[in-house]
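Structural features, examined
So the chains spell out like this:
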Amino acid sequence: SQQGEEDPQALSIQEGENATMNCSYKTSINNLQWYRQNSGRGLVHLILIRSNEREKHSGRLRVTLDTSKKSSSLLITASRAADTASYFCATGEIQGAQKLVFGQGTRLTINP
Amino acid sequence: DAGITQSPRHKVTETGTPVTLRCHQTENHRYMYWYRQDPGHGLRLIHYSYGVKDTDKGEVSDGYSVSRSKTEDFLLTLESATSSQTSVYFCAISESDRGWDTQYFGPGTRLTVL
């Protein structure tokens, strides 16, 4: 079963605007990660935030984690056409096997 | 891409035939994974390995088997392919000794079962 649930499923914005995607999960986690996938390609790791962290930045990316609400958000600032892609959250569960569980993704389209 | 290759990149086969997909890494990472990606389902874990000859099932393992006789190779076999196994298959590795850390993905194999 899917752990992470992304919202929205699809997002279309104008170039230069900010894009926010959300992820909710159900169980206790060691970390939460965000990945990007361009059409027809493999997933690329963007950022990892551990369960004891609340916010993390990487370039134009900002990730927040609220373990009390079991949710995370990914903010992409000053979007560019090259940001058009699908974005997936993935959770590293504490219990059970050491593996990631991926959500279904958010399809982001940046319009010029 | 952490030196991960997958072969073949594309394959068309017929229902009932066996198919083997190969994932190869150039470094000695312990954890390797096979996922399938389908519209509306995201990535789903098929099988994973935490060492040579050490494998375990994921959430969609029925109809699939795996083998890892060398650290660098992780093979996924569809014993008797069905149309429901038409999908894009991704291999991934974890660079750390913790399977839940960052994973790096191969380019994928697009499999069509007619």
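Placed above this text is the structure.
A brief structural summary. (Residues numbered from 1 in each chain as written. Chains lettered and ligands numbered in written order. Predicted model: local features only at pLDDT ≥ 70, side-chain atom pairs only at ≥ 80, totals over all residues. Heavy atoms only, no water.)

Focus on the overall build of chain A
What chain A contains, in helices and strands, is zero helices and eleven strands. Along its sequence from the N terminus, chain A presents helices and strands in the succession β-β-β-β-β-β-β-β-β-β-β. The C-alpha radius of gyration computed for chain A amounts to 13 Å, which stays within 12% of the reference 13 Å derived for 112 residues, consistent with globular compactness. Dimensions of chain A, computed from the C-alpha atoms along their principal axes, are close to 45 × 30 × 20 Å. Split into buried and exposed, the 112 residues of chain A put 46% on the buried side. A fraction of 55% describes how many contacts in chain A between residues 6 or more apart in sequence connect residues 24 or more apart. (Helix = DSSP H or I, 4+ residues; strand = E, 2+ residues; numbered from the N terminus. Rg over C-alpha atoms; globule rule 2.2 N^0.38 Å. Buried < 20%, exposed > 50% of the residue type's maximum accessible area, 1.4 Å probe, protein only. Contact = heavy atoms within 4.5 Å.)

Overview of the pairing of strand 5 (residues 42–51) of chain B
Residues and elements named next belong to chain B. Burial of strand 5 is extensive: nine of the ten residues sit out of reach of the surface. As defined by bridge partners, strand 4 (residues 31–38) adjoins strand 5 across seven bridges and the pair is classed as antiparallel. Paired with Trp34 across the two strands is His47, which belongs to strand 5. The antiparallel hairpin formed by strand 4 and strand 5 contains three residues in its connecting segment, where Gly40 sits at a positive phi of about 85°. Here strand 5 runs beside strand 6 (residues 54–57); their pairing, made up of four bridges, is antiparallel. Along strand 6, the bridge assignment pairs Gly51 with Asp54. The turn linking strand 5 back onto strand 6 is made up of two residues, and Lys53 within it adopts a positive phi angle of 65°. (Pairing = 2+ DSSP bridges.)

Quick look at the pattern of salt bridges
Pairs may arise between side chains of opposite charge once their charged atoms sit close together. For the structure on display, the rule yields eight salt bridges over all chains. Its salt-bridge partner being Asp101 of chain B, residue Arg50 of chain A comes within 3.2 Å of it at the nearest N-O pair. In this pair, Arg50 of chain A sits in strand 5 (residues 43–50) while Asp101 of chain B sits in the loop between strand 9 (87–94) and strand 10 (103–105), so the two residues belong to two different chains. A cluster of three or more residues bridged by salt bridges with shared partners is formed by Arg22, Lys70 and Asp73 of chain B. (Salt bridge = Lys/Arg side-chain N within 4 Å of Asp/Glu carboxyl O.)

Section: the interface of chain B and chain A
Taken together, the contact between chain B and chain A spans 23 residues of the former and 25 residues of the latter. Summing the contributions of chain B and of chain A, the shared interface buries around 1,800 Å²; its carbon and sulfur component is 52%. Looking at the side of chain B facing chain A, the largest losses of area belong to Leu43, Trp100 and Phe105 of chain B, adding up to 35% of the total buried there. Between chain B and chain A we count one salt bridge in total. Summed over the shared surface of chain B and chain A, the number is eight residue pairs in polar contact (both at pLDDT 80 or more). For the side of chain B that touches chain A, the elements supplying multiple residues, two or more each, are strand 4, strand 5 and strand 10 of chain B. The greatest single-element share of the side of chain B that touches chain A, amounting to five residues, is contributed by strand 5 of chain B. Per-class residue counts for the side of chain B that touches chain A are ten nonpolar, eight polar and five charged. (Buried area = accessible area lost by both parts, 1.4 Å probe. Polar contact = N/O pair within 3.5 Å; in protein donor to acceptor, adjacent residues only side chain to side chain. Nonpolar A, V, L, I, M, F, W, Y, C, P; charged D, E, K, R; others polar.)

A short note on the sheet that holds strand 3 (residues 19–24) of chain A
Residue and element names in this part refer to chain A. Overall, antiparallel pairing links the five strands, which are arranged 1-3-8-7-6 in an open sheet. What marks the edges here is a single partner per strand, and that holds for strand 1 (5–7) and strand 6 (55–58). Taking each pair of neighbouring strands and ignoring which way they run, the sheet shows an average axis angle of 20°. With six bridges connecting them, strand 3 and strand 8 (residues 71–76) associate as antiparallel partners. When the sheet's bridge partners are listed, Met21 is paired in strand 8 with Leu74. (Axes fitted to C-alpha atoms, helices over the stretch in contact; angles between N-to-C directions.)

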